[in-house]
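Breakdown of the fold
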Amino acid sequence: AFGVIADIQFADAEDGHDFGGCRRRYYRHSLRLLREAVRAWAGESPPIDCVLQLGDSIDGQNAGRGEAESALQQVLEVLGQLSVPVHHAWGNHELYNFSRARLVHTGLYSRAAGGSHGPADRECHAYHCSPAPRLRLVVLDAYDVSTLGAEPGSHRYLESLRVLREKNPNDDLNSPKGLKEPHFVAFNGGFSQAQLDWFDEVLKFSDENQEKVIVMAHVPIHPSASNGVCLAWNYEAALAVIHAHGCVVCVLAGHLHDGAYGLDAHGVHHLTLEGLVETPPESNAFATLYVYDDKMVLKGRGRIPDRVMHF
């Protein structure tokens with residue numbers, strides 16, 4: 001059993017709105033809702049084995065307010081009340097607040113607990129672990145190729161900018177206006193070939209050992225679990241790796257605050273969780289995912305509906 005939550009985006013700030021100015025965001029209340037989630041998970045019976053935090057734990061505005069470190073500390077303190085591991089995906093808002101080099105030295109670097117079970121690039125926050133027999137969790141870094149958090153002038157930054165500029169001629173690189181492929185915006189990112197090769201090897205191992213695999217990343221990697229904009233740049237490449245193997249049963253993502261779900265042609269479930277930051281204070285948005293031999297059962301709270309996903 002896993003606790004699952006996405007897009008906390010905490011900031012000690014008054015309510016605001018999304019970039020379009022039409023959707024309310026409850027920055028300060030998200031910490032209280034997280035506390036409610038932690039209390040619920042702590043009381044689960046049988047107990048949960050870990051928590052999957054799907055990225056954007058704090059909001060980007062913390063950087064301008066000089067409150068990135070303190071906001072992150074508050075979120076990690078709440079999650080730290082649980083006696084189980086928390087697996088963190090890195091989202092765009094983490095990278096608005098911190099460089100990749102700095103994130104490696106924060107509590108969001110959950111790869112450290114996995115030891116060497118990740119790509120050679122230590123700043124790539126991808127890794128895998130086995131939370132239960134014949135079950136493997138793979139955490140992907142959907143901003144491995146991204147201008148966010150990368151040192152301007154570095155190879156990572158320049159290559160990411162080249163990829164983005166090839167597809168997006170807009171002055172505002174966060175704008176999908178007029179794009180044939182509207183997911184090529186700066187608030188999304190992609191997977192390096194090195195990460196994809198590593199991912200392929202992990203799935204090969206799971207195939208050979210008859211494991212079932214759950215994948216998590218901040219950004220959705222299937223159009224059916226997206227709105228067409230919130231989608232990894234080279235999602236087709238990630239899907240090609242998954243579909244070359246038979247072990248993956250589910251891909252979990254955040255980023256799209258409305259949430260979404262799709263079952264692809266290969267029988268893989270793609271579940272995008274509703275975002276906590278846009279959840280009114282009287283509601284909530286977290287879930288517990290129970291994994292069985294032949295299915296997963298999602299028990300949602302507040303905005304997140306219950307769901308049964310058969311293998």
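For the structure, check the block above.
Below or above, wherever it landed, is the structure these notes cover. Owing to the predicted nature of the structure, the values given are computational and were not obtained by experimental measurement. (Residues numbered from 1 in each chain as written. Predicted model: local features only at pLDDT ≥ 70, side-chain atom pairs only at ≥ 80, totals over all residues. Heavy atoms only, no water.)

**A short note on the side chain of R25**
The condition that has to hold: Numbering of helices and strands runs from the N terminus; a helix is a DSSP stretch of H or I covering at least four residues, while a strand is a stretch of E covering at least two. Three exposure classes are used, based on accessible area relative to the maximum for each residue type with a 1.4 Å probe and protein chains only: buried under 20%, partly exposed in between, and exposed over 50%. Polar contacts here mean pairs of N or O atoms no more than 3.5 Å apart (in protein, one a potential hydrogen donor and the other a potential acceptor; neighbouring residues in sequence count only if both atoms are side-chain atoms). Here, residues are in contact when the closest pair of their heavy atoms is within 4.5 Å.
With respect to the helices and strands, R25 occurs in strand β3 (residues 24–25). Among the residues examined, R25 registers a relative accessible area of 8% and is labelled buried. One polar contact links R25 to E278, side chain to side chain, over a distance of 3.1 Å. Contact partners of R25, with chain neighbours within four places excluded, come to Q9, D15, G16, H17, D18, F19, H257, V277 and E278.

**Quick look at the sheet that holds strand β6 (residues 127–132)**
To keep things clear, this is the line we draw: Two strands form a pair only when DSSP identifies at least two bridges running between them. Axis definition: a line fit to C-alpha positions, over the contact stretch in the case of helices; interaxial angles, taken between N-to-C directions, run 0 to 180 degrees.
Pairing in this open sheet of six strands is mixed, and the strands run β6-β7-β8-β9-β11-β10 from one edge to the other. With partners counted over all chains shown, the strands left at the sheet margins are β6 and β10 (260–263), one partner each. Taking each pair of neighbouring strands and ignoring which way they run, the sheet shows an average axis angle of 15°. One ladder, built from four bridges, connects strand β9 (residues 248–253) with strand β11 (residues 269–272); its direction is parallel. If you follow L252 over to β11, its bridge partner there is L271. Docked against the sheet, helix α7 (residues 193–208) engages β6, β7 (135–139), β8 (212–216) and β9, running at close to 175° with respect to β7.

**Observations regarding the packing of α7 against helix α8 (residues 235–243)**
Threshold: The labels follow the angle: roughly parallel below 35 degrees, roughly antiparallel above 145, roughly perpendicular from 65 to 115, and oblique for the rest. Crossing chirality is assigned from the near helix's rotation relative to the far helix, an anticlockwise turn below a right angle marking it left-handed and a clockwise turn marking it right-handed.
The interhelical angle for the contact between α7 and α8, taken along N-to-C directions, is 20°, at an axis separation of 9 Å. Comparing their axes, α8 and α7 come out roughly parallel. In this structure, α7 meets α8 at a crossing whose hand is right-handed. Facing L196, F199, D200 and L203 of α7, the residues of α8 in contact are A237, A238, V241 and I242.

**Focus: the sheet that holds strand β14 (residues 307–310)**
Strands sit in the order β5-β4-β1-β12-β13-β14 across an open sheet of six strands; the sheet is mixed. Both edges of this open sheet fall to β5 (86–88) and β14, since each of them pairs with a single strand only. Taken pair by pair, the neighbouring strands of this sheet meet at an average axis angle of 20°, ignoring direction. Here strand β12 (residues 285–291) pairs with strand β13 (residues 295–302) via seven bridges, running antiparallel. If you follow T288 over to β13, its bridge partner there is K299. The strands touched by helix α1 (residues 29–42) within the sheet are β1 (2–5), β4 (50–53), β12 and β13, with β12 carrying the most contacts at an inclination of about 25°.

**With respect to the pairing of β1**
Put simply, side chains in a regular strand alternate between the two faces of the sheet. Here β1 shows no split at all, with F2 and V4 on one side and G3 and I5 on the other all buried. Alignment of β1 against β4, held across four bridges, turns out to be parallel. Directly across from F2, in β4, lies its bridge partner C50. Across three bridges, the pairing between β1 and β12 is antiparallel. Considered in β12, the bridge of V4 is made with A287.

Read these as spatial facts, not as claims about activity.
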